[in-house]
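Structural characterization, general
If you want the building blocks of each chain, they are given just below.
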Amino acid sequence: GAVVSQHPSRVICKSGTSVKIECRSLDFQATTMFWYRQFPKQSLMLMATSNEGSKATYEQGVEKDKFLINHASLTLSTLTVTSAHPEDSSFYICSARPGGGTGELFFGEGSRLTVL
Amino acid sequence: GENVEQHPSTLSVQEGDSAVIKCTYSDSASNYFPWYKQELGKRPQLIIDIRSNVGEKKDQRIAVTLNKTAKHFSLHITETQPEDSAVYFCAAWGDYKLSFGAGTTVTVRA
């Protein structure tokens, strides 16, 4: 199957700093990538849809100025958590699908963010 | 937007028994329904999926059924084993995105 890689897997930062998470599709091109957030013992909640070459589409309640998404190439999307606070501590997971359309979504390994 | 509801939230079964998880969705245009197994701290793993033009699909001990009219789909695991213990999520693809159910924590008792 297709491979989606995410980096870093774990990051600890101080409150007020910014953190960047990368999501790469290793063996396919992805015009669209999805960013999810998962708090402990909860489900995956879609934060935004990342579109190559255009602005991301954010879900209701997600602050676009706080969670900056850049999808500058067909294989890379980045999520930057700006001015992170302890309540932003979570598991962030990206996903993508080869060729668009309907079918299996492939997930990255996830990034565990801890804000002190 | 799509709303996916999943029940039960926890399920404890004796090894060898069957486990059933049920989900409903709200968007009649949704056309793809995957099921994921997630272990602690790991990414979700696809275990089976079904498209809207199919009513049932089976893969060894795992089966999924879909009732488009009622807008619900179910996961069936037969002959459960301790390694089946995990959190399971249903999901529905609609409106250009995948929405997840709340999850079911399955515990298989030896």
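Above this text you will find the structure in question.
Residues numbered from 1 in each chain as written. Chains lettered and ligands numbered in written order. Predicted model: local features only at pLDDT ≥ 70, side-chain atom pairs only at ≥ 80, totals over all residues. Heavy atoms only, no water.

1. Brief notes about the packing of aromatic side chains
- This model, assessed by the stated rule, comprises twelve aromatic pairs over all chains.
- Here Phe107 of chain A and Phe100 of chain B contribute two aromatic rings whose centre-to-centre distance is 6.2 Å and whose plane-to-plane angle is 65°, an arrangement assigned as edge-to-face. Placement of Phe107 of chain A in strand β10 (residues 106-107) and of Phe100 of chain B in strand β10 (residues 97-100) is noted, with the two residues assigned to different chains. A single burial state applies to Phe107 of chain A and to Phe100 of chain B, both of which are buried.
- Between the aromatic rings of Tyr25 of chain B and Phe33 of chain B, the centroid separation amounts to 4.7 Å while the plane-to-plane angle is 45°, which identifies the pairing as tilted.
- The class for Tyr25 of chain B is buried, based on a relative accessible area of 6%. (Phe/Tyr/Trp six-rings, centres within 6.5 Å; stacked < 30°, edge-to-face > 60°. Helix = DSSP H or I, 4+ residues; strand = E, 2+ residues; numbered from the N terminus. Buried < 20%, exposed > 50% of the residue type's maximum accessible area, 1.4 Å probe, protein only.)

2. Quick notes on the sheet that holds strand β6 (residues 56-59) of chain B
Residue and element names in this part refer to chain B.
- The five strands are arranged β1-β3-β8-β7-β6 in an open sheet whose pairing can be described as antiparallel. The sheet terminates laterally at β1 (4-7) and β6, the two strands that pair on one side only. Averaged over neighbouring strand pairs, the angle between their axes works out to 15° when direction is ignored.
- Taken together, the four bridges between β1 and strand β3 (residues 19-25) define a ladder with antiparallel strand orientation. Across the sheet, residue Glu5 finds its bridge partner in β3, namely Thr24. (Pairing = 2+ DSSP bridges. Axes fitted to C-alpha atoms, helices over the stretch in contact; angles between N-to-C directions.)

3. Some words on the side chain of Ser30 of chain B
All names here are of chain B.
- When you line up the elements, Ser30 lands in the loop between β3 and β4 (32-38).
- Polar side-chain contacts of Ser30 include one of 2.3 Å to the side chain of Glu2.
- Those residues in contact with Ser30 that sit more than four places away from it in its chain are Glu2, Tyr25, Ser52, Ala92, Trp93 and Gly94. (Polar contact = N/O pair within 3.5 Å; in protein donor to acceptor, adjacent residues only side chain to side chain. Contact = heavy atoms within 4.5 Å.)

4. Considerations on unusual backbone geometry
- The omega torsion of the bond from His7 of chain A to Pro8 of chain A falls at 0°, within 30 degrees of zero and hence cis.
- Relative to the elements of secondary structure, Pro8 of chain A occurs in the loop between β1 (4-7) and β2 (10-13).
- Pro8 of chain B follows His7 of chain B through a cis peptide bond whose omega is -5°.
- Structurally, Pro8 of chain B can be placed in the loop between β1 and β2 (10-14).
- One non-glycine residue with positive phi stands out, namely Lys41 of chain A, at about 60°.
- Within the fold, Lys41 of chain A resides in the loop between β4 (32-38) and β5 (45-51).
- The phi torsion at Lys71 of chain B lies on the positive side, around 55°, for a residue other than glycine.
- In this structure, Lys71 of chain B sits in the loop between β7 (62-67) and β8 (72-77).
- The partly exposed category is assigned to Lys71 of chain B, whose relative accessible area is 26%.

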